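Analysis of the macromolecular model
Below are the chains, spelled out letter by letter.
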Amino acid sequence: MLTRRAMMRCAAALPLSLMLAGAGATPARVKLEFHSGFLMNLHHFLFTLGVRPERLEKTVWTSAPTADEMTALRSAVAWYRDNYAKHDLLFDAPMPAIKTALSVADTRRDANGLALPPQLASTLNSVAPMYARCLWAQHDASNRQWIAEAKRLDERYGAEVQQGIARHLQSPFPSTPVRIDIVVETGKRQGAYTDTQVVIAGGRPSYQGLAALEMMYHEISHAESTAKLEESIEARLKATNRSPDSDLWHAVQFYTVGAVVKDALRRRDNIDYEPYADKAGLFKGYWSPFMPMIVSEWQPYMDGKQTFEQAVVRMVDRLPAA
């Protein structure tokens with residue numbers, strides 16, 4: 001089985017002309033499959049409370065849970081806290097396998113028979129009736145509202161956004177459908193995560209409105225489209241004996257997707273959009289050292305004033321030596 005990085009290398013090895021189906025051709029649109037799944041949302045709800053148990057007291061219920069239901073819920077939250085709260089949803093076993101196992105029919109409410117750890121299945125089943133009665137209606141409505149807005153934005157701007165990101169990152173979007181699960185919250189600081197499947201916290205205000213378009217394509221681009229960027233930066237880091245753990249590629253990805261979305265909104269409807277990273281202050285905090293080199297080297301590449309390879313070399317060479 002290929003690792004994700006090995007798959008990236010295979011994708012990065014493809015000529016861009018083949019990626020874009022021929023010079024000047026418009027690439028096929030990536031197919032998006034949106035889901036608001038009961039079990040997927042229940043899992044992330046419990047995970048979030050396991051990470052931040054204080055949120056339980058602030059939960060706004062559609063119908064008030066009974067005393068027995070609250071006892072079962074507190075027990076489930078404690079179990080998630082003890083077993084999963086310190087795990088990363090994307091990188092730490094068994095979390096990716098759990099997500100995959102829960103990628104079933106959106107209406108399914110029984111966790112048995114899904115290749116889940118037995119205690120996890122039992123925990124989900126113990127609170128599923130309460131979640132269905134007291135909270136699911138509002139969570140599902142929130143998810144579906146986000147999905148409707150994302151579909152509307154994608155229909156109007158998606159083709160242009162996809163084409164711009166693929167052109168600048170010089171890697172294709174997935175040729176197979178991408179599953180996008182919308183949950184109210186993920187429990188992660190980032191709010192979304194992606195391997196070959198996307199999970200987005202649609203309940204976060206910072207992911208709503210026009211930002212839904214940017215964050216959706218930001219996450220989708222993680223599936224394949226950052227391949228060449230990551231590999232090229234990694235190769236230059238090694239060639240110049242710099243730290244291989246640089247987050248430069250992710251900063252460039254955020255900048256690129258945000259710029260493409262901003263340009264598409266301005267060009268089509270004269271909308272002045274502030275990209276997520278700017279609004280969240282990402283380039284004024286941890287990523288602030290990357291901003292000068294992105295502006296002076298990557299933006300000129302995006303403007304057609306130098307090559308992709310030149311931009312990568314010049315950015316990496318401005319990083320501190322190991």
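This text follows the structure it describes.
These lines cover the structure that appears in this document, whether it is placed above or below.

Reading the values: the criteria
- Residues numbered from 1 in each chain as written.
- Predicted model: local features only at pLDDT ≥ 70, side-chain atom pairs only at ≥ 80, totals over all residues.
- Heavy atoms only, no water.
- Phe/Tyr/Trp six-rings, centres within 6.5 Å; stacked < 30°, edge-to-face > 60°.
- Buried < 20%, exposed > 50% of the residue type's maximum accessible area, 1.4 Å probe, protein only.
- Helix = DSSP H or I, 4+ residues; strand = E, 2+ residues; numbered from the N terminus.
- Lys NZ or Arg CZ within 6 Å of the ring centre and 35° of its normal.
- Pairing = 2+ DSSP bridges.
- Expected span 1.5 Å × (residues − 1).
- Bend = angle between axes of the 7 residues up to and from the residue.
- Lys, Arg positive; Asp, Glu negative; His and termini not counted.
- Salt bridge = Lys/Arg side-chain N within 4 Å of Asp/Glu carboxyl O.
- Contact = heavy atoms within 4.5 Å.
- Axes fitted to C-alpha atoms, helices over the stretch in contact; angles between N-to-C directions.
- Left-handed = near helix turned anticlockwise from the far one by under 90°.
- Nonpolar A, V, L, I, M, F, W, Y, C, P; charged D, E, K, R; others polar.

Some thoughts on the packing of aromatic side chains
One pass over the structure, following the stated rule, counts 16 aromatic pairs. A centroid spacing of 5.8 Å and a plane angle of 75° characterise the contact between Trp-79 and Tyr-80, whose relative ring orientation is edge-to-face. By relative accessible area, which is 18% here, Trp-79 ends up buried. With 5.6 Å between their ring centres and 75° between their planes, Trp-298 and Phe-308 make a pair best called edge-to-face. Within this pair, whereas Trp-298 is found in helix α12 (residues 291-302), its partner Phe-308 is found in helix α13 (residues 308-316), the two being separated by 10 residues in sequence. Note on accessibility: Trp-298 and Phe-308 belong to one class, buried. The lysine or arginine in question, Arg-109, covers the ring of Phe-38, its NZ or CZ lying 4.9 Å from the ring centre. The lysine or arginine in question, Lys-228, covers the ring of Phe-308, its NZ or CZ lying 4.8 Å from the ring centre.

So, the pairing of strand β4 (residues 198-201)
Burial of the side chains of β4 extends over both faces: Val-198 and Ile-200 are buried on one face and Val-199 and Ala-201 on the other. Where strand β2 (residues 178-183) and β4 come together, four bridges link them in parallel fashion. Looking at β4, one finds that Val-183 is bridged to Ala-201. As consecutive antiparallel partners, strand β3 (residues 192-194) and β4 are separated by three residues.

Let's talk about helix α7 (residues 136-169)
For α7, which comprises 34 residues, the first-to-last C-alpha distance of 39 Å sits more than 12% below the rise-based estimate of 50 Å (1.5 Å per residue). In the structure, α7 departs most strongly from a straight axis at Tyr-157, where the bend amounts to approximately 65°. One or two positions beyond α7, positive phi appears at Gln-170, with a value near 55°.

A word on the side chain of Asp-247
Along the polypeptide, Asp-247 turns up in the loop between α9 (227-239) and α10 (248-269). In this structure Asp-247 is buried but unpaired, with Arg-189 as the nearest side chain of opposite charge at 7.6 Å. Aside from chain neighbours lying at most four places away, what touches Asp-247 is Tyr-286, Trp-287 and Phe-290.

So, the side chain of Glu-69
Looking at the element boundaries, Glu-69 is found in helix α4 (residues 67-83). Other than its neighbours up to four places away in sequence, Glu-69 contacts Ala-64, Met-130, Arg-133 and Cys-134.

Observations concerning the pattern of salt bridges
Counted under the stated rule, the structure contains 19 salt bridges. Linking Asp-195 and Lys-99 is a salt bridge whose minimum nitrogen-to-oxygen distance equals 3.2 Å. A residue pair is termed long-range when its members are at least 10 positions apart, and Asp-195 in the loop between β3 and β4 and Lys-99 in helix α5 (residues 95-101) qualify at 96 residues. A salt bridge links Glu-185 to Arg-204; the nearest nitrogen and oxygen atoms lie 3.0 Å apart. Of this pair, Glu-185 sits in the loop between β2 and β3 while Arg-204 sits in the loop between β4 and α8 (211-223), and the two are 19 residues apart along the sequence. Using a relative accessible area of 16% as the deciding quantity, one classes Arg-204 as buried. A single network of salt bridges, built from pairs that share partners, joins Glu-160, Asp-263, Arg-266 and Arg-267.

Points about the sheet that holds β3
In spatial order, the strands read β1-β2-β4-β3; together these four strands make up an open sheet with mixed pairing. Sheet topology places β1 (32-35) and β3 at the edges, where each strand pairs with a single neighbour. Going across the sheet, the axis of each strand differs from the next one's by a mean of 20°, ignoring polarity. Strands β2, β3 and β4 of the sheet are contacted by helix α3 (residues 38-51), whose axis makes an angle of about 55° with β2.

Side note on the packing of α9 against α10
Running from N to C, α9 and α10 cross one another at 145°; their axes reach a closest spacing of 9 Å. Crossing handedness for the pair α9 and α10: right-handed. Of the residues in α10, those in contact with Leu-229, Glu-230 and Ile-233 of α9 are Leu-248, Trp-249, Val-252 and Gln-253. Within the contact of α9 with α10, the residues separate by chemical class into five nonpolar, one polar and one charged.

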